[in-house]
Amino acid sequence: MQNTEIVLFAYDRPDALERTIASLRIARELWKHERNATEHLPLTVALDGPRSTKDSQARVAAVHAIVSKHLPDAKVHAEATNRGLPTLLLNTLDPLVSRPEFRRAICIEDDVEVSPTLLLALETISDNIVRVFGAAKSHVVGAAPAHRDGSLEHQALLVDRGAHLASATMLRDYIERFELDGAHRDGAYGARNHDAIKAWSTELAAREHLPVPTGTSQDRMRELAWRRENVLMRGAPMRLVRHRGLWGQHNTPWYALRTGQLFQRLDLRSWEDTEPRLQEP
């Protein structure tokens with residue numbers, strides 16, 4: 001019984017999504033070949049709904065059409081209105097985690113290019129963690145080396161059952177406390193109160209002598225929750241995901257230049273060359 005699920009999160013970027021799907025298709029085929037499997041890893045596509053404008057509705061409709069065309073085997077979770085990524089993440093992963101056979105999800109966002117070895121590598125690192133620390137050790141694995149402060153890139157991230165459960169309560173508090181669910185206010189997540197979130201998360205971190213989150217996104221809040229619950233966070237030793245977006249909620253061309261996103265290079269080595277580099281947890 002397969003216990004890994006791919007979850008692809010998308011909103012309103014049809015062109016970027018098509019490129020992501022193209023690279024993910026190669027990774028799924030390589031996984032199937034190397035695992036000598038008769039079926040692909042199961043795939044869920046989580047689609048956020050449109051905002052109230054006609055332009056947003058048209059772009060989201062285009063995304064739905066792309067998913068229907070290119071991913072006919074996928075299960076689709078679709079929101080009717082724009083909820084924001086934190087709510088979409090909970091509404092998608094909570095039902096998966098409730099299934100007895102669920103073990104881990106490989107979560108991929110819709111504006112990236114992934115290495116052909118992405119799925120194999122993340123599973124292998126996760127398996128090595130379980131081998132060394134035991135099945136009870138909750139963990140997350142990023143598809144690129146961890147940053148200096150230990151934070152991960154969330155555009156492609158393996159999250160096991162325990163890690164999701166460890167962050168879900170805090171994520172719900174984050175959504176409710178700062179009114180980030182777009183079902184109540186159009187574009188609520190994008191218009192979040194950064195100062196208020198920063199003050200709240202700084203206080204939480206200080207109570208337990210943990211690093212203060214460097215941002216106000218759901219990514220940074222989940223990492224704070226994982227640190228509070230002693231969830232193991234690991235980055236891959238090579239870059240298996242490349243961010244392609246230059247415009248978006250967190251991105252501008254200047255930001256991409258300043259953070260090095262413009263210079264990201266995917267590791268395209270074969271699985272035979274990649275696997276030996278993943279043996280240490």
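How each quantity is defined
Residues numbered from 1 in each chain as written. Predicted model: local features only at pLDDT ≥ 70, side-chain atom pairs only at ≥ 80, totals over all residues. Heavy atoms only, no water. Helix = DSSP H or I, 4+ residues; strand = E, 2+ residues; numbered from the N terminus. Rg over C-alpha atoms; globule rule 2.2 N^0.38 Å. Buried < 20%, exposed > 50% of the residue type's maximum accessible area, 1.4 Å probe, protein only. Contact = heavy atoms within 4.5 Å. Areas by Shrake-Rupley, 256 points an atom, 1.4 Å probe, with all protein chains shown as cover. Lys, Arg positive; Asp, Glu negative; His and termini not counted. Charge placed at Lys NZ, Arg CZ, Asp CG, Glu CD. Core = buried A, V, L, I, M, F, W, Y, C linked by side-chain atoms within 4.5 Å. pLDDT = per-residue confidence, 0-100. Expected span 1.5 Å × (residues − 1). Bend = angle between axes of the 7 residues up to and from the residue. Pairing = 2+ DSSP bridges. Axes fitted to C-alpha atoms, helices over the stretch in contact; angles between N-to-C directions. 1 Å grid on protein atoms, 1.4 Å probe; cavity = no way out; pocket = protein on both sides within 12 Å on 5 of 7 lines; lining within 4 Å. Points joined across faces, edges and corners; volume = space filled by probe spheres on them. Nonpolar A, V, L, I, M, F, W, Y, C, P; charged D, E, K, R; others polar. Phe/Tyr/Trp six-rings, centres within 6.5 Å; stacked < 30°, edge-to-face > 60°. Lys NZ or Arg CZ within 6 Å of the ring centre and 35° of its normal.

## A word on the overall build of the protein
Reasoning step 1: Helix and strand content of the protein: nine helices and nine strands.
Reasoning step 2: On C-alpha atoms alone, the protein measures out to a radius of gyration of 18 Å, which is about the 19 Å that the 2.2 N^0.38 rule sets for 281 residues.
Reasoning step 3: Dimensions of the protein, computed from C-alpha atoms along their principal axes, come out at roughly 50 × 45 × 40 Å.
Reasoning step 4: By the burial criterion, 51% of the 281 residues in the protein qualify as buried.
Reasoning step 5: The contacts in the protein between residues at least 6 apart in sequence include a share of 73% that link residues at least 24 apart.
Reasoning step 6: Total accessible area computed for the protein in this model is approximately 13,200 Å², and 51% of it derives from carbon and sulfur atoms.
Reasoning step 7: Considering the protein, the positive charge centre built from 37 side chains and the negative charge centre built from 38 side chains are found 2 Å apart.

## Looking at the nonpolar core
Reasoning step 1: Of all hydrophobic cores here, the largest spans 40 residues; its most connected members are Leu-8, Leu-17, Val-45, Leu-71, Ile-108, Leu-118 and Leu-119.
Reasoning step 2: Looking at this core, the elements that each hand over two or more residues are strand 1 (4-10), helix 1 (14-34), strand 2 (43-47), helix 2 (54-70), strand 4 (104-109), strand 5 (112-114), helix 4 (118-133) and strand 7 (156-160).
Reasoning step 3: Setting aside residues no more than four positions away along its own chain, Leu-71 makes contact with Leu-8, Ile-21, Arg-28, Leu-43, Val-45 and Ile-66.
Reasoning step 4: Val-7, Cys-107, Leu-204 and Met-221 belong to the second-largest nonpolar core, a separate cluster that totals 27 residues.

## A word on the confidence of the model for the protein
Reasoning step 1: With 91% of its residues at a pLDDT of at least 70, the protein reaches an overall mean of 92.
Reasoning step 2: Long-range and interchain partners of residues 246-250, a stretch whose pLDDT sits below 50, account for 14 contacts in this model, where long-range means more than four residues apart.

## So, helix 5 (residues 161-177)
Reasoning step 1: Here helix 5 spans 25 Å end to end across 17 residues, near enough to the 24 Å set by a 1.5 Å rise per residue.
Reasoning step 2: Its maximal kink placed at Ala-168, helix 5 deviates by approximately 35°.
Reasoning step 3: Listing the buried residues of helix 5 in full gives Ala-163, His-164, Ala-166, Ser-167, Ala-168, Met-170, Leu-171, Tyr-174 and Ile-175.
Reasoning step 4: Packing partners of the buried residues in helix 5 comprise helix 3 (85-97), strand 6 (139-142), strand 7, helix 6 (194-207) and helix 7 (218-228).
Reasoning step 5: Just downstream of helix 5 lies Glu-179, where phi reads positive at about 50°.

## A look at the sheet that holds strand 1
Reasoning step 1: One open sheet accounts for seven strands, arranged 3-2-1-4-7-6-8; its pairing is mixed. In this open sheet, the two strands that pair with only one neighbour each are strand 3 (75-78) and strand 8 (232-235). Mean inter-strand twist for the sheet, computed between neighbouring axes without regard to direction, equals 20°.
Reasoning step 2: As paired strands, strand 2 and strand 3 are joined by four bridges and run parallel to one another. Bridging across to strand 3, Ala-46 finds its partner in His-77.

## Observations concerning empty space enclosed by the protein
Reasoning step 1: This model, assessed by the stated rule, comprises one cavity of 30 Å³ or more.
Reasoning step 2: For the largest cavity, the calculated volume is near 70 Å³.
Reasoning step 3: Every residue along the wall of the largest cavity is listed here: Phe-9, Leu-85, Leu-89, Cys-107, Ile-108, Glu-109, His-154, Leu-157, Gln-218, Asp-219 and Arg-222.
Reasoning step 4: Mapped onto the lining of the largest cavity, the elements with two or more residues apiece are helix 3, strand 4 and helix 7.
Reasoning step 5: Counted by class, the lining of the largest cavity contains six nonpolar, two polar and three charged residues.

## Considerations on the packing of aromatic side chains
Reasoning step 1: By the definition in use, this model includes three aromatic pairs.
Reasoning step 2: Ring geometry for Tyr-174 against Phe-178: centres 6.4 Å apart, planes inclined by 65°, an arrangement best described as edge-to-face.
Reasoning step 3: Of the residues examined, Phe-178 reaches a relative accessible area of 14% and is grouped as buried.
Reasoning step 4: Measuring from ring centre to ring centre gives 5.4 Å for Phe-178 and Trp-200, while their planes differ by 70°; the resulting arrangement is edge-to-face. Residue Phe-178 is found in the loop between helix 5 and helix 6, and its partner Trp-200 is found in helix 6; the two are separated by 22 residues along the sequence.
Reasoning step 5: Look at Trp-200 and you get buried, because its relative accessible area is 10%.
Reasoning step 6: Taken together, the ring pairs connect Tyr-174, Phe-178 and Trp-200 into an aromatic cluster.
Reasoning step 7: The ring of Tyr-189 has Arg-192 lying over it, and the distance from NZ or CZ to the ring centre is 4.3 Å.

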